[in-house]
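# Structure assessment
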Amino acid sequence: MRKSIGLLALALAPGLVQAQEVTLRAVSAFAENTTYVKNLLPMIERLNAEGKGRLQINFIGGPKAMPPFEVGNAVRTGVVDLAMTTGAFYTNIMPEADALKLTQMPHPDLRRNGGHDLINKIWNEKANMQYLGRVIDFTPFHLYLTKKIDKPDLTGLKLRITPVYREFFQALGATVMQTPPGEVYTALERGVVDGYGWPINGIFDFNWHEKTKFRVDPGFYSAEVSLVMNLDKWKGLNAEQRGLLTRHVISLENANDSWKKVNQDDIRKQKEAGIQVITFGKQYYDKAYEVAWASAIKASPTYGPQMRKLFSK
Ligand code: 173
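Remember, it's a predicted structure, so these values are computed and weren't measured experimentally.

A few words on the side chain of Asp194. Considering the arrangement of structural elements, one finds Asp194 in the loop between helix 7 (184-189) and strand 8 (195-199). Other than its neighbours up to four places away in sequence, Asp194 contacts Tyr144, Leu145, Thr146, Lys147, Gly156, Leu157, Lys158 and Leu159.

A few words now on the pattern of salt bridges. In a structure, side chains of opposite charge can pair up when their charged atoms sit close to one another. The tally for this structure, following the rule as stated, stands at 14 salt bridges. For Glu50, the salt bridge is made with Arg247, and the minimal N-O distance between the two is 3.0 Å. Within this pair, whereas Glu50 is found in helix 2 (residues 35-50), its partner Arg247 is found in helix 9 (residues 239-253), the two being separated by 197 residues in sequence. You can call Arg247 partly exposed: its relative accessible area is 46%. Note that Asp98 and Lys101 form a salt bridge whose closest N and O atoms lie 2.8 Å from each other. Of the two residues, Asp98 and Lys101, neither departs from the other in class, the shared state being buried. Taken together, the salt bridges that share partners define one network made up of Lys261, Asp265, Arg268 and Glu272.

With that out of the way, let us pick up the sheet that holds strand 5 (residues 141-145). The mixed open sheet is built from 6 strands, whose spatial order is 7-6-8-5-9-11. With one partner strand each, in any of the chains shown, strand 7 (175-178) and strand 11 (276-279) form the two edges of the open sheet. Taken over all neighbouring pairs, the strand axes of this sheet differ in orientation by 30 degrees on average, direction set aside. In terms of strand pairing, strand 6 (residues 158-161) meets strand 7 through 4 bridges, oriented parallel. Bridge pairing in strand 7 links Arg160 to Met177. Docked against the sheet, helix 11 (residues 282-299) engages strand 5 and strand 9 (214-220), running at close to 60 degrees with respect to strand 9.

Below, the discussion takes up the environment of Met105. Among the secondary structure elements, Met105 is positioned in the loop between strand 3 (82-85) and helix 4 (107-113). In this structure Met105 comes out as buried when scored by relative accessible area, which is 15%. Residues Met105 and Asp137, 32 residues apart in the sequence, show an inter-C-alpha distance of 8.8 Å. Apart from residues no more than four positions distant in its own chain, Met105 is found in contact with Leu110, Asn113, Leu310, Phe311 and Ser312.

Arg160, Thr162, Val164, Tyr165 and Trp198 are the nearest of the 16 residues found near the ligand. Separating an oxygen atom of the ligand from a side-chain N or O atom of Thr162 is a distance of 2.8 Å. Between an oxygen atom of the ligand and a side-chain N or O atom of Tyr165, the distance comes to 2.5 Å. For the ligand, whose unbound accessible area comes to 300 Å², protein coverage reaches 100%. If you list the elements that add at least two residues to the shell around the ligand, you get helix 6 (163-171) and strand 8.

The rules behind these values
- Residues numbered from 1 in each chain as written.
- Predicted model: local features only at pLDDT ≥ 70, side-chain atom pairs only at ≥ 80, totals over all residues.
- Heavy atoms only, no water.
- Helix = DSSP H or I, 4+ residues; strand = E, 2+ residues; numbered from the N terminus.
- Contact = heavy atoms within 4.5 Å.
- Salt bridge = Lys/Arg side-chain N within 4 Å of Asp/Glu carboxyl O.
- Buried < 20%, exposed > 50% of the residue type's maximum accessible area, 1.4 Å probe, protein only.
- Pairing = 2+ DSSP bridges.
- Axes fitted to C-alpha atoms, helices over the stretch in contact; angles between N-to-C directions.
- Near = heavy atom within 4 Å.
- Polar contact = N/O pair within 3.5 Å; in protein donor to acceptor, adjacent residues only side chain to side chain.
- Areas by Shrake-Rupley, 256 points an atom, 1.4 Å probe, with all protein chains shown as cover.

Taken by themselves, the reported measurements are silent on function.
Now the structure itself:
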């Protein structure tokens, strides 16, 4: 009896019938052993448990599966459906991507003030991406060095960068060299660079503490790592599948407070590893924002000012 009612429903009301299970292929721009990926995988497990028969995420892997700077384009074109990456890694698609580092409030606040919607307007239009949510927040970037400096003058230093740090470090006189995270250790070991930019957390994931002598304080900007999705794939999900995905992403986003503890732990571990702190003043910090917003607005005269308004405190 039940079966025949089921078959009848199938025949008469295809719109009401549960959609086929959709599996999203996901990659990470950060390596699988990093805290970033370890923070993500439990969410994927929870979603997969709840989403049986409806929505699944198949985590393919990190930089071994796909070079970090190619991840954004792979999402844009649909080579993969979903990625954990950072805007600095896909400025080749649109300069606006790098401005996510300039947010001065946590992402839940941006969901309330229109910042999240603005991001999605831009991400939809320019990158064929749906911006799902932010999975790292409350985490500043720092400059790490192998040599001591006593004033905020980086003249004569060669630093490993991504677009995050480019304009700021150059404005302070540095020579810069862009590399993915996976090449930093060798660059330090060979003395190709005298330092690098990186968030306050994570240097132990790559063993860079072995080569790092100094950290410059204060930190600046807000390290952004987010989940982004191919827009066509997003539009192809039904309301229930979108709801499920959004709910799990937002619950991870709402747990971003946990990074505060990770960061405190890493500050302690850096100290234990003998990394000394060089401290500069407010001018150094303010310069970071001044240079970055000038660059963002120049690169995006339309969206730069709109982002600045909603991202700033
Ligand atoms: O330094 C980097 O590779 C970088 O840009 C970044 C961005 C967000 C989180 C971690 C690193």
